[in-house]
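Each chain, written out:
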Amino acid sequence: MLKESNKKNLLFRSKFLKQKDYWIKKLSGEFEVTDLLLCDDKKNPAKANYAKVVIPLPNELGNRVIMLSKESDLSIYIFLLTALKCLIFRYMSNEDIIVISPINKQKVKEEIINSLLFIRNQVGETLTFKELVLRVRQTVLNAYENQDYPYDKLLEYLFPLPGEQNKQVISNIRCSLGNLHHDRDIAKINTRFSFKFFKTVDKINGCIYYCTDNCEENEAERLANHFVHLLVNVVENLNIKISEIQFLTEQEKYQLLVDFNNNRRDFTGDKSINHFIEEHEKNRPDAAAIAFKNFKITYRDLNKRSCQLASFLRSSGIKKDEPVGIFMKRSHEIVVSILAIRKTG
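Below: a short report on this structure. (Residues numbered from 1 in each chain as written. Predicted model: local features only at pLDDT ≥ 70, side-chain atom pairs only at ≥ 80, totals over all residues. Heavy atoms only, no water.)

**Regarding empty space enclosed by the protein**
For the structure shown, the criterion picks out one cavity of 30 Å³ or more. Approximately 40 Å³ is the volume attributed to the largest cavity. Forming the boundary of the largest cavity are Trp-23, Asn-114, Leu-116, Leu-117, Phe-118, Tyr-149, Pro-150, Tyr-151 and Leu-154. Among the elements that line the lining of the largest cavity, the one with the most residues is strand S3 (residues 116-122), at three residues. (1 Å grid on protein atoms, 1.4 Å probe; cavity = no way out; pocket = protein on both sides within 12 Å on 5 of 7 lines; lining within 4 Å. Points joined across faces, edges and corners; volume = space filled by probe spheres on them. Helix = DSSP H or I, 4+ residues; strand = E, 2+ residues; numbered from the N terminus.)

In structure tokens, the structure reads:
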């Protein structure tokens, strides 16, 4: 283990200055912290507690990934990492994705002074999976060529305020392949999710270590299943567009398309929709009647505006049972117009 003084002297060598320049350029500019939690306001704890769920990779699926990667540990890792980046993109719609990776143990020739790398790629929905694989491959190769510069010193440079580098989170996602990486203590740098894989002769084992302070077990299990379904999609068609990759289970698709849309309600036949709106105006005048994008309209305003428009229509000569056309872009005003037309009759 190098002393801190010797480590500082080592970093002034031309090799390390060159690597420092690479990482500063790679991580320059603004970025959104890479994550897999859609709604979470909890900060990463100072000391994280982790639990594990297994990624249920079928043997034939793991073997297919191995064959597509020509049995190369590096290519297998790049394939799995690309799949993970696709899942992050589909979850979060974040195009600028950074995943933390351990260093490549096959390239270690001297005493280790660094253990982590930041793999950053731009992901877009028009890209195909194969195109993204090639981009991730080049990024990973470049990272390994510059893997000796210590990440803690890099964070000190990027976030120079005292103590700020210890608080700054670049990514909450980590990914490793045991055959390829020096993967030490997963809490070395706080992440919420750590995807760990290991290749055997003809299959791939995988698991997710998740921070129990931020994630429940059922959420981690669902994440693991989504990763498997996404992987099934891409091995069947490497040229699939990222926007078309499916990751939901059949049960989840049915729930979204059928169960969540089962909004039928029984209404008594002696009341029209206008009467229901008017009753709600009396009982809940300030409740939201319509929500469209960032706009909301209350029952009071909805009834008032539909009455005003109905009065205008009648004064324009519209009579009962006369057809009235509506030609406008989809908005809350369509509902106002429909109610007003009904009020004229």
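Structure's up, so let's keep going.
**Describing the packing of aromatic side chains**
If you walk through the whole model with that rule in mind, you get five aromatic pairs. Their ring planes at 65° and their centres at 5.2 Å tell us that Phe-79 and Phe-129 sit as a pair that is edge-to-face. Of the two residues, Phe-79 sits in helix H4 (residues 73-92) while Phe-129 sits in helix H5 (residues 129-145), which places them 50 residues apart along the sequence. Residue classification places Phe-129 among the buried residues on the basis of a relative accessible area of 0%. Through pairs of rings, three or more aromatic residues link up here, namely Phe-195, Phe-197 and Phe-227. (Phe/Tyr/Trp six-rings, centres within 6.5 Å; stacked < 30°, edge-to-face > 60°. Buried < 20%, exposed > 50% of the residue type's maximum accessible area, 1.4 Å probe, protein only.)

**Some points on the packing of H4 against H5**
The relative placement of two packed helices comes down to the angle between their axes together with the axis-to-axis distance. It is the contact of H4 with H5, at a shortest axis distance of 9 Å, that shows an interaxial angle of 120°. Classed by the angle they form, the pair H4 and H5 counts as oblique. Our pair here, H4 against H5, has a crossing hand that is right-handed. Here Leu-74, Ser-75, Tyr-77, Ile-78, Phe-79, Leu-81, Thr-82, Ala-83, Lys-85 and Cys-86 of H4 come into contact with H5, specifically with Phe-129, Leu-132, Val-133, Val-136, Arg-137, Val-140, Leu-141 and Tyr-144. Of the residues that constitute the contact of H4 with H5, the class distribution is 14 nonpolar, two polar and two charged. (Axes fitted to C-alpha atoms, helices over the stretch in contact; angles between N-to-C directions. Parallel < 35°, antiparallel > 145°, perpendicular 65-115°, else oblique. Left-handed = near helix turned anticlockwise from the far one by under 90°. Contact = heavy atoms within 4.5 Å. Nonpolar A, V, L, I, M, F, W, Y, C, P; charged D, E, K, R; others polar.)

**Quick notes on the packing of helix H10 (residues 273-283) against helix H12 (residues 332-344)**
Contact geometry of H10 with H12 gives a least axis separation of 10 Å together with a crossing angle of 110°. Looking at the two axes, H10 sits roughly perpendicular to H12. Here H10 and H12 pass one another in a crossing that is left-handed. Contacts between H10 and H12 involve Ile-273, Asn-274, Ile-277 and Glu-278 from the first element and Leu-339, Arg-342 and Lys-343 from the second. Across the contact of H10 with H12, the residue classes tally to three nonpolar, one polar and three charged.

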